[in-house]
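Secondary and tertiary structure notes
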Amino acid sequence: MRTYCLVIDDDNQEEYFNANVRCVLEHEGIELMPIFVNPTDRKYLKLDHSGLDKNSIIKDCRTILDSYNVSIIVSDYKIATPKDQFTGVDVILDLIETHPSIYKILYSATIKKAIQQILSLLPLGSKPVNFDIDKVIDSLIKIAKINDFVRGKGYDQKIIKYLRNPEIQHRQHLLNILKHTAPDLEFKSCYPPFGGKKLKEIGVEIENLTPQGKEFHEELIYQTIAYLTTINHE
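My aim in this report is to walk through the structure given alongside it, one point at a time. (Residues numbered from 1 in each chain as written. Predicted model: local features only at pLDDT ≥ 70, side-chain atom pairs only at ≥ 80, totals over all residues. Heavy atoms only, no water.)

As a further point, take the nonpolar core. Formed by 21 residues in total, the largest nonpolar core has its most connected members in Leu 6, Ile 8 and Leu 95. The element contributing the most residues to this core is helix H2 (residues 54–67), with 5 residues. The residues contacting Ile 8, other than those within four sequence positions of it, are Val 37, Pro 39, Cys 61, Ile 73, Val 74, Ser 75, Asp 76, Ile 79, Val 91, Leu 95 and Tyr 107. Core analysis: the next-biggest nonpolar cluster, separate from the first, contains 19 residues, Phe 17, Ile 72, Val 74 and Ile 168 among them. (Core = buried A, V, L, I, M, F, W, Y, C linked by side-chain atoms within 4.5 Å. Buried < 20%, exposed > 50% of the residue type's maximum accessible area, 1.4 Å probe, protein only. Helix = DSSP H or I, 4+ residues; strand = E, 2+ residues; numbered from the N terminus. Contact = heavy atoms within 4.5 Å.)

Next comes the structure, spelled out in structure tokens:
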């Protein structure tokens with residue numbers, strides 16, 4: 001299985017990622033390719049050089065998510081200077097709007113600050129009352145749309161555990177075929193909702209867990225079984 005991981009960090013993560021994630025998964029037949037976005041890159045400076053342009057960073061991230069079979073987003077909390085007034089939380093929450101189903105991991109040496117920011121964004125009734133950090137993290141995983149929180153930069157075990165799930169592997173393999181093997185191939189089927197749709201369009205619906213995407217996923221299974229049954233009797 002080949003899939004991608006979007007890594008958002010102002011520090012160079014290439015050596016750490018390759019040694020602790022990529023090489024480990026390769027031994028298990030999982031090819032996880034990193035795509036790095038450094039928010040402090042000069043190309044993200046505002047035209048007046050007054051700071052970093054968050055919208056430009058998000059635009060590039062969305063282009064990557066649309067272009068590659070990305071299964072995981074990992075982001076540091078502190079990705080800009082205090083004067084820029086945005087963090088990894090802000091970027092992830094923006095990406096969630098257009099790519100809700102991709103697994104998202106936030107890591108930080110100051111995880112308490114990251115959690116406090118997320119808590120400030122939640123409705124009052126949703127906020128955990130007792131600030132025991134482990135209990136709050138458990139609550140936020142249920143309440144927020146960020147899937148996991150990591151102290152420090154030890155996100156490697158979270159990624160490995162997630163991708164070792166056979167169900168995730170099968171799903172990403174299917175999405176890779178639909179979105180990248182023959183993305184412009186039109187689906188010809190007796191199932192009317194598939195009519196005229198390209199494989200990539202079907203893959204995007206499945207990836208984003210839309211109601212139609214769930215129906216498409218189930219219908220692909222039924223049609224595969226019907227096809228196998230038919231050729232078995234020929």
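On we go from here.
Even without being a glycine, His 49 presents a positive backbone phi close to 60°. Counting through the fold element by element, His 49 comes out in the loop between strand S2 (31–37) and H2. We note that Gln 85 has phi near 60°; this positive angle belongs to a residue other than glycine. Inspection of the secondary structure assignment puts Gln 85 in the loop between strand S3 (70–76) and helix H3 (88–98). A relative accessible area of 72% places Gln 85 in the exposed class.

Pairing in this open sheet of 5 strands is parallel, and the strands run S2-S1-S3-S4-S5 from one edge to the other. Of all the strands in the sheet, the pair left with one neighbour each is S2 and strand S5 (148–151). With strand direction ignored, the average angle separating the axes of adjacent strands in the sheet is 20°. Running at roughly 165° to S3, helix H6 (residues 156–163) makes contact with strand S1 (2–8), S2, S3, strand S4 (103–108) and S5 of the sheet. (Pairing = 2+ DSSP bridges. Axes fitted to C-alpha atoms, helices over the stretch in contact; angles between N-to-C directions.)

With respect to the secondary-structure elements, Tyr 191 resides in the loop between helix H7 (166–181) and helix H8 (199–207). C-alpha of Tyr 191 to C-alpha of Phe 216: the two residues are 25 residues apart in sequence and 9.6 Å apart in space. Ignoring sequence-local partners within four residues, the contact set of Tyr 191 consists of Glu 215, Phe 216, Glu 219 and Gln 223.

It is worth spelling out the side chain of Asp 94 at this point. Considering the arrangement of structural elements, one finds Asp 94 in helix H3. At a separation of 3.4 Å, a polar atom in the side chain of Asp 94 contacts the side chain of Lys 54. Other than its neighbours up to four places away in sequence, Asp 94 contacts Lys 54, Ile 58 and Arg 62. (Polar contact = N/O pair within 3.5 Å; in protein donor to acceptor, adjacent residues only side chain to side chain.)

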